Amino acid sequence: MTFQQVSEPYDAYDVLVVGGSGVDTVVSVGALPVPLADSYAVPPLYEGAGHTGTGVALGCAALGLTTGFVDFIGDDHPGTLVRERMAGSGVDFRPLISPHGTRRAVNLVAPDGRRMSFYDARDPAELRMPPEHYLPPLRRARHVHLSIMNFARFLYDDIEELGLPVSTDLQDWDGLTDHHREFALRSDLVFLSTAGAGERIAAVMREILHEGRAEAVIATAGAGGAYLLSADDRTPRPVPAAVPPGPVVDSNGAGDAFTSGFLYGRLAGRSLEECARLGAVAGAYACTSRGTHTALVGREELHAALRGKTTAPVTAAPGGDGHRIPGPPDAQVSPTGA
């Protein structure tokens, strides 16, 4: 692997994102799940830079946060697409070239914006990022966001030694899979989707909060908005979904936008509840264009939406996972989650 130096590093970062770049191929389908058939005629495919780290980095930069991004990509066409998307975005992207290639995903998207993703992770389990690559930007960061790439878990000791706050997004963790657990228990802010745990989501949120170091756990619930749990809460607080500024087209990347809006608020010293409202607005905005990370909310639009109180109990699909749970999560938790 080789390091591609493209510019002098920034003096400091508000947010340093680690891992999670890649390319999405978006396929529009008539409905999900797709009925079994030999072939389907579909509209033109969309291909472009996507994945969770890309979305958080681009979203933070669009909100005016000084943003760094370190990761592995391949010396291949998908890697070129990632580089091209980062160019001029305001993100200081510093990739290492991996012989295993750039991560990819094929996302099926229904007319209501819901999606199903097929993820090609590429990275072997033994892949590690050299400290000489990540330590210089880490030392200049106010906050670190780790994507759940396996290599990223090995940065926790250095992050703790530097005393930096760290966030992560567990995606659709079911609360059981071992891969996610270290990220869940060693992060200060933990994001995840309700899709994996379903009716057990409140129990999973409590476990993260009580067994780890998190000050808050935030679960996005698609059209149902989100849920926020902190040490001051007995039960997860519902966060209403935000009304998108236009028709919902594609929920790809909405969860990453939510994270960016939340981090923007937290770095500005806002309360957890205010941060969650900012995240909801950013997530809703991301649903209004086809493709991943193609609609990024700016600071002015974010605050204008909040001033207009554009929130609603249920809307189309701004949570990023396209799933709903049928009621407040506390009503669905088993006694062991108390």
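Conventions we followed
Residues numbered from 1 in each chain as written. Predicted model: local features only at pLDDT ≥ 70, side-chain atom pairs only at ≥ 80, totals over all residues. Heavy atoms only, no water. Salt bridge = Lys/Arg side-chain N within 4 Å of Asp/Glu carboxyl O. Helix = DSSP H or I, 4+ residues; strand = E, 2+ residues; numbered from the N terminus. Buried < 20%, exposed > 50% of the residue type's maximum accessible area, 1.4 Å probe, protein only. Axes fitted to C-alpha atoms, helices over the stretch in contact; angles between N-to-C directions. Parallel < 35°, antiparallel > 145°, perpendicular 65-115°, else oblique. Left-handed = near helix turned anticlockwise from the far one by under 90°. Contact = heavy atoms within 4.5 Å. Core = buried A, V, L, I, M, F, W, Y, C linked by side-chain atoms within 4.5 Å. Phe/Tyr/Trp six-rings, centres within 6.5 Å; stacked < 30°, edge-to-face > 60°. Pairing = 2+ DSSP bridges.

The name an unreviewed UniProt entry gives the protein is Putative sugar kinase, with Streptomyces lydicamycinicus as the organism.

Trainee: Sorry, what's going on with the pattern of salt bridges here?
Mentor: Close approach of charged atoms lets side chains of opposite charge pair. Counted under the stated rule, the structure contains 17 salt bridges. A salt bridge links Arg 103 to Asp 71; the shortest N-O distance between them is 2.8 Å. Of this pair, Arg 103 sits in the loop between β6 (91–97) and β7 (104–109) while Asp 71 sits in strand β5 (residues 67–73), placing them 32 residues apart in sequence. A single burial state applies to Arg 103 and to Asp 71, both of which are buried. Of the charged contacts in the structure, one is a salt bridge between Asp 120 and Arg 122, with a shortest N-O distance of 2.6 Å. Overlapping salt bridges bring together Arg 153, Asp 157, Glu 160, Glu 182, Arg 186, Asp 188 and Arg 213 as one network.

Trainee: Explain the packing of helix α8 (residues 272–286) against helix α9 (residues 299–307) to me, please; I cannot follow it from the model alone.
Mentor: The axes of two packed helices give the description: the angle between them and the distance between them. Running from amino to carboxyl end, α8 crosses α9 at an angle of 115°, the nearest separation of the two axes being 10 Å. Classified by the angle their axes make, α8 and α9 are roughly perpendicular. Every pair of crossing elements has a handedness; the one defined by α8 and α9 is right-handed. On α9, the residues that touch Arg 277, Leu 278, Val 281, Ala 282 and Tyr 285 of α8 are Glu 301, Leu 302, Ala 305 and Leu 306.

Trainee: Sorry, what's going on with the nonpolar core here?
Mentor: Buried together is how nonpolar side chains tend to be arranged in soluble globular proteins. Phe 69, Val 91, Leu 189, Ile 218, Phe 258, Phe 262 and Leu 302 are the most contacted members of the largest nonpolar core, which totals 49 residues. Broken down by element, the residue count for this core peaks at 9 residues, all from α8. Excluding its chain neighbours within four sequence positions, the residues that come into contact with Val 91 are Tyr 10, Ala 57, Leu 58, Ala 61, Thr 67, Phe 69 and Met 86. By size, the runner-up hydrophobic cluster in this structure holds 41 residues, among which are Ile 148, Phe 151, Leu 155 and Ala 214.

Trainee: Help me out: how do you make sense of the environment of Ile 159 in this one?
Mentor: Within the secondary structure layout, Ile 159 lies in helix α4 (residues 156–161). Ile 159 gets classed as buried once you look at its relative accessible area, which sits at 1%.

Trainee: What is the right way to read the packing of aromatic side chains from this model?
Mentor: We describe a pair of aromatic rings using the distance from one ring centre to the other and the angle between the two ring planes. Enumeration according to the criterion identifies 5 aromatic pairs in this entry. Relative to Phe 93, the ring of Phe 69 has its centre 5.1 Å away and its plane inclined at 40°; by these criteria the two rings are tilted. Residue Phe 69 is found in strand β5, and its partner Phe 93 is found in strand β6; the two are separated by 24 residues along the sequence. Here Phe 69 falls in the buried class, since its relative accessible area comes to 0%. For Phe 93, a relative accessible area of 7% puts it in the buried group.

Trainee: Honestly, the pairing of strand β3 (residues 22–28) in this entry has me stumped. Any pointers?
Mentor: Looking down a regular strand, the side chains alternate between one sheet face and the other. Most of β3 sits out of view: 7 of its 7 residues are buried. Across the two faces of β3 the burial is the same, with Gly 22, Asp 24, Val 26 and Ser 28 and Val 23, Thr 25 and Val 27 all buried. Direction of pairing for β3 relative to strand β4 (residues 46–50): antiparallel, over a ladder of 5 bridges. Looking across to β4, one finds that Gly 22 is bridged to Gly 50. Relative to β7, β3 runs parallel, the two being bridged by 6 bridges. For Val 27, the partnering residue across the bridge sits in β7 and is Leu 108.

Trainee: Please clarify how unusual backbone geometry should be interpreted in this entry.
Mentor: Glycine aside, the phi torsion of most residues is negative, and most peptide linkages are trans. Note the cis peptide between Leu 32 and Pro 33, where omega equals -5°. Along the chain, Pro 33 falls in the loop between β3 and β4. Within the chain, Arg 122 stands out as a residue other than glycine whose phi angle is a positive 70°. Note on placement: Arg 122 falls in the loop between β8 (115–120) and α3 (131–138). Taking relative accessible area as the criterion, Arg 122 reaches 36% and is therefore assigned partly exposed.

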